[in-house]
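Reading the structure
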Amino acid sequence: MEALYHQTNKQVHEVQSYMGRLETTDKQSVHLVENEIQARIDRIFSNLERLEIFCNKEPPSKRQNAKLRVDQLKYDIQHLQTALRNFQHRRYTREQQERQREELLAQTFTTNDSDTTIPIDETLQFNESLQNAHRGMDDLLGSGNSILQGLRDQRVTLKGTHKKIMDLANMLGLSNTVMRLIEKRAFQDKYFMIGGMLVTCVVMFLVVQYLT
């Protein structure tokens, strides 16, 4: 387990280094860097799944410390995944705005033929409204990502707490009835978390529909 942990920790630092290169990468190469980062993140998540299995096989005296170390790696890589998605969204928005400006500048304007005259004021107003909508979506997505990250963190915390209680209960020899009550509460908390995430997604969807 130690070898896999140190390997995964090194991979997390490598992803952090790659993230620092995104802002300075030229437009032709940025897609390649994004793909490389995502591939590394996927490998890290795969390693974390294996580490969680190894944690459960650790002796009781070392198990809790091992789980805390793995949870910290999971928190770090989730934060990097969110940062990558935010960067990709901002880049897409900038590219879309640049295309719209180029299309607007490429239009042919005429003062003689009323049938082919483009209403400049309406076009500019539409472009400004579209930019405002994009800014609103950026703010909304940023808030949504923060909420979802908070829910993920709460899930990790609840999961860790549940495992701590189960381990403690085993050591103290609590009754099966108490154990079932603890498991039932953890099961209910899971559905509350899922419900909160669904409500957040619905609200984000409705706001995006309103802004666009």
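Here goes a summary of the coordinates provided. (Residues numbered from 1 in each chain as written. Predicted model: local features only at pLDDT ≥ 70, side-chain atom pairs only at ≥ 80, totals over all residues. Heavy atoms only, no water.)

**Some words on the overall build of the chain**
Just so we agree on the cut-off: In this text, helices come from DSSP runs of H or I with a minimum length of four residues, and strands from runs of E with a minimum of two, each type numbered from the N-terminal end. Note on exposure labels: buried denotes an accessible area under 20% of the residue type's maximum, exposed denotes more than 50%, and partly exposed covers the range between, all computed with a 1.4 Å probe on protein chains only. Working rule for contacts: check all heavy atoms of both residues, and any pair within 4.5 Å makes them a contact. A 1.4 Å probe and the Shrake-Rupley method give the accessible areas. Residues count as covered only by the protein chains that appear here.
For the chain, the helix and strand inventory stands at five helices and zero strands. N-terminal to C-terminal, the α/β element order of the chain is α-α-α-α-α. Here the chain holds 212 residues, and 28% of them are scored as buried. Taking all contacts inside the chain whose residues are at least 6 apart in sequence as the whole, residues at least 24 apart take part in 74%. As displayed, the chain has an accessible area near 14,300 Å², and 56% of this comes from carbon and sulfur atoms.

**So, the packing of aromatic side chains**
Heads up, the rule is: Paired rings are identified among Phe, Tyr and Trp, the last through its six-membered ring, by centres lying within 6.5 Å, and are further divided according to the angle between planes into stacked (under 30 degrees), edge-to-face (over 60) and tilted (the rest). Charges are assigned to positions over rings by a cutoff of 6 Å between ring centre and Lys NZ or Arg CZ, combined with an angular limit of 35 degrees from the ring normal.
What the rule picks out here adds up to zero aromatic pairs. For Arg-69, the ring lying beneath its charged end belongs to Tyr-5, and the centroid distance is 4.0 Å.

**Comments concerning the side chain of Asn-47**
Along the chain, Asn-47 falls in helix α2 (residues 30-57). Among the residues examined, Asn-47 registers a relative accessible area of 7% and is labelled buried. Apart from the residues within four sequence positions on either side, Asn-47 is in contact with Leu-4, Gln-7, Thr-8 and Gln-11.

**A look at the environment of Leu-80**
Looking at the secondary structure, you find Leu-80 in helix α3 (residues 60-106). C-alpha of Leu-80 to C-alpha of Val-12: the two residues are 68 residues apart in sequence and 8.7 Å apart in space. In this structure Leu-80 touches Val-12, Val-15, Gln-16, Met-19 and Ile-41, once residues within four positions along its chain are discounted.

**Re the nonpolar core**
Threshold: Throughout this description, the term nonpolar core refers to a set of buried Ala, Val, Leu, Ile, Met, Phe, Trp, Tyr and Cys residues connected via side-chain atoms within 4.5 Å.
One finds Val-15, Met-19, Leu-22, Ile-37, Leu-48 and Leu-51 to be the most contacted residues of the largest nonpolar core, which totals 22 residues. Contributing elements (two or more residues each) for this core: α1 (2-22), α2 and α3. With eight residues, α2 is the single largest residue contributor to this core. Residues contacting Val-15, with those up to four places away along its chain left out, are Ile-37, Arg-40, Ile-41, Ile-44 and Leu-80.

**Observations concerning a nonpolar patch on the surface**
Formally: Patches in this entry comprise residues that are over 30% relatively accessible and not in a salt bridge; like charges within 9 Å are linked, as are nonpolar side chains (Val, Leu, Ile, Met, Phe, Trp, Tyr) within 5 Å. Here a salt bridge means any side-chain nitrogen of Lys or Arg lying within 4 Å of a carboxyl oxygen belonging to Asp or Glu.
The grouping of Phe-187, Tyr-191, Ile-194 and Leu-198 at the surface amounts to a nonpolar patch, some 420 Å² of accessible area in total. By secondary structure assignment, the location of Phe-187 is in helix α5 (residues 176-211). Given the relative accessible area of 48%, Phe-187 is considered partly exposed.

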